[in-house]
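# Structural overview
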Amino acid sequence: MNIDNGMRSSSASAFVEKGGRNPNLEVRTGVTATRIVVERGRAAGIELKTSNGKDIVRAEREVIVSGGAVGSPQLLLLGIGPADELKSIGIAPVHDLPGVGRNLHDHLEIDLQWECKEPITYNRLLRLDRMALIGTVGVLLFRSGFASKNQAHVGSFICSGPEVPHPNIQFHFFPVCF
């Protein structure tokens, strides 16, 4: 969780709204990236669907694709990916890159809860009057206190067994009952 001055901060908030004017950044809303423009074997820009039709935004040096775990490979696969598979569904490949779209894994989650013998949780704060006080005074007025911080204070990455070469289990500890 990104916290800035007691409030959760998104990438847009941290880098666009509060980042000030950056001559290297142009923000467009209400558009959809429809493909990566490839020229002379390299990404040269992005094609956008706009309310007026299509537009191409060209990059001077590099194209950064950051559409998340699903959006990035989806955008790439509109021309960059396993050529035979792209051709089979009517997409003209501009670059054969077999690994694109592979190894997408769902993040399965299991919630486990224990009752503690000692009062070590924040459950005492979950009364309506206390939550209202925490939200109004703590967050809105002073940007401090319980609700202005990340609630997952502890986490770890572990291997599920000795034969696993890298961590494949992630733990989070929340000191509150959900």
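About the thresholds
Residues numbered from 1 in each chain as written. Predicted model: local features only at pLDDT ≥ 70, side-chain atom pairs only at ≥ 80, totals over all residues. Heavy atoms only, no water. Helix = DSSP H or I, 4+ residues; strand = E, 2+ residues; numbered from the N terminus. Buried < 20%, exposed > 50% of the residue type's maximum accessible area, 1.4 Å probe, protein only. Contact = heavy atoms within 4.5 Å. Pairing = 2+ DSSP bridges. Axes fitted to C-alpha atoms, helices over the stretch in contact; angles between N-to-C directions. pLDDT = per-residue confidence, 0-100.

This paragraph deals with unusual backbone geometry. Here the phi dihedral of R40 falls at roughly 50 degrees; this positive angle occurs in a residue that is not glycine. Mapping R40 onto the fold places it in the loop between β3 (32–39) and β4 (42–50). Under the relative-accessibility criterion, R40 is labelled exposed at 82%. Positive phi, close to 65 degrees, is recorded for N103, a residue that is not glycine. Within the secondary structure layout, N103 lies in the loop between β7 (95–96) and α4 (128–141).

What follows concerns the side chain of S72. Looking at the secondary structure, you find S72 in helix α2 (residues 68–76). Sequence-distant contacts of S72, that is, excluding residues within four places in its chain, are made with V65, S66 and G67.

To summarise the sheet geometry, strands pair through backbone hydrogen bonds and adopt either a parallel or an antiparallel arrangement. Strand order in the open sheet formed by 3 strands is β3-β4-β5, with antiparallel pairing between adjacent strands. Looking along the sheet, the strands with just one partner apiece sit at the ends: β3 and β5 (53–58). Recorded for the sheet is a direction-independent mean angle of 30 degrees between the axes of neighbouring strands. The pairing of β4 with β5 spans 6 bridges and is antiparallel. Paired with I46 across the strands is V57, a residue of β5.

What follows deals with the confidence of the model for the protein. With 93% of its residues at a pLDDT of 70 or more, the protein shows a mean pLDDT of 84. The least confident element of the protein is strand β2 (residues 7–8), whose mean pLDDT is 72; the most confident is helix α3 (residues 83–88), at 97.

Glancing now at the environment of V94. Structurally, V94 is set in the loop between α3 and β7. Those residues in contact with V94 that sit more than four places away from it in its chain are V38, G79 and I80.

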